[in-house]
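Residue-level listing of the chains:
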Amino acid sequence: MLLKALAVCLLIFIILNLFRALPVMLKGRGSQPMSRYLGRRLLISVLLFALLLIALATGYLTPNPRPY
């Protein structure tokens, strides 16, 4: 259950950074560069993917069985 809550929190953080980069992209200039938010989003996405792979490898998370 903790892994699922952590994954949901990371997904929300990814979406939040995507929407924080939107005004910077539309204005053209902002207080922070757009690459900061998009880079943070990419880093958290890679972290989430690695976390899911580790959970699958250790058996903590089980995938759906094959239908055949």
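Up top you'll find the structure we're talking about.
The notes below deal with the structure included here. (Residues numbered from 1 in each chain as written. Predicted model: local features only at pLDDT ≥ 70, side-chain atom pairs only at ≥ 80, totals over all residues. Heavy atoms only, no water.)

### Quick word on helix α2 (residues 34–58)
The terminal C-alpha atoms of α2, which comprises 25 residues, lie 36 Å apart, in line with the 36 Å expected from a rise of 1.5 Å per residue. Of the positions making up α2, those classed as buried are Y37, I44, L48 and A55. The secondary structure elements touched by the buried residues of α2 are α1 (2–27). (Helix = DSSP H or I, 4+ residues; strand = E, 2+ residues; numbered from the N terminus. Expected span 1.5 Å × (residues − 1). Buried < 20%, exposed > 50% of the residue type's maximum accessible area, 1.4 Å probe, protein only. Contact = heavy atoms within 4.5 Å.)

### Overview of the side chain of N17
One can find N17 in helix α1. Those residues in contact with N17, other than ones at most four positions away along the chain, are Y37, R40 and R41.

### Some words on α1
Between its first and last C-alpha, α1 extends 39 Å over 26 residues, near the 38 Å set by a 1.5 Å rise per residue. Buried residues belonging to α1 abut α2. G28 occupies a position one or two residues after α1 and carries a positive phi of about 95°.

### Quick notes on the nonpolar core
If you look at the biggest cluster of nonpolar residues, it comprises 5 residues: A7, L10, I14, I44 and L48. Elements represented by at least two residues in this core include exactly α1 and α2. Element by element, the count of residues in this core is highest for α1, at 3 residues. In contact with I44, not counting residues within four places along its chain, are L10, F13 and I14. (Core = buried A, V, L, I, M, F, W, Y, C linked by side-chain atoms within 4.5 Å.)

### Some words on the packing of α1 against α2
Orientation of α1 relative to α2, taken along the N-to-C sense of each, is 160°, at an axis distance of 8 Å. Classified by the angle between their axes, α1 and α2 sit roughly antiparallel to one another. Seen from above, α1 lies across α2 with left-handed handedness. Partitioned by chemical class, the residues of the contact of α1 with α2 number 18 nonpolar, 2 polar and 3 charged. (Axes fitted to C-alpha atoms, helices over the stretch in contact; angles between N-to-C directions. Parallel < 35°, antiparallel > 145°, perpendicular 65-115°, else oblique. Left-handed = near helix turned anticlockwise from the far one by under 90°. Nonpolar A, V, L, I, M, F, W, Y, C, P; charged D, E, K, R; others polar.)

### Some words on the environment of Q32
Relative to the elements of secondary structure, Q32 occurs in the loop between α1 and α2. Taking relative accessible area as the criterion, Q32 reaches 27% and is therefore assigned partly exposed. Once the C-alpha coordinates of Q32 and A21 are considered, the two residues, 11 residues apart in sequence, prove to be 9.0 Å apart. Once you skip the residues sitting within four places of it in the chain, Q32 turns out to touch V24 and Y37.

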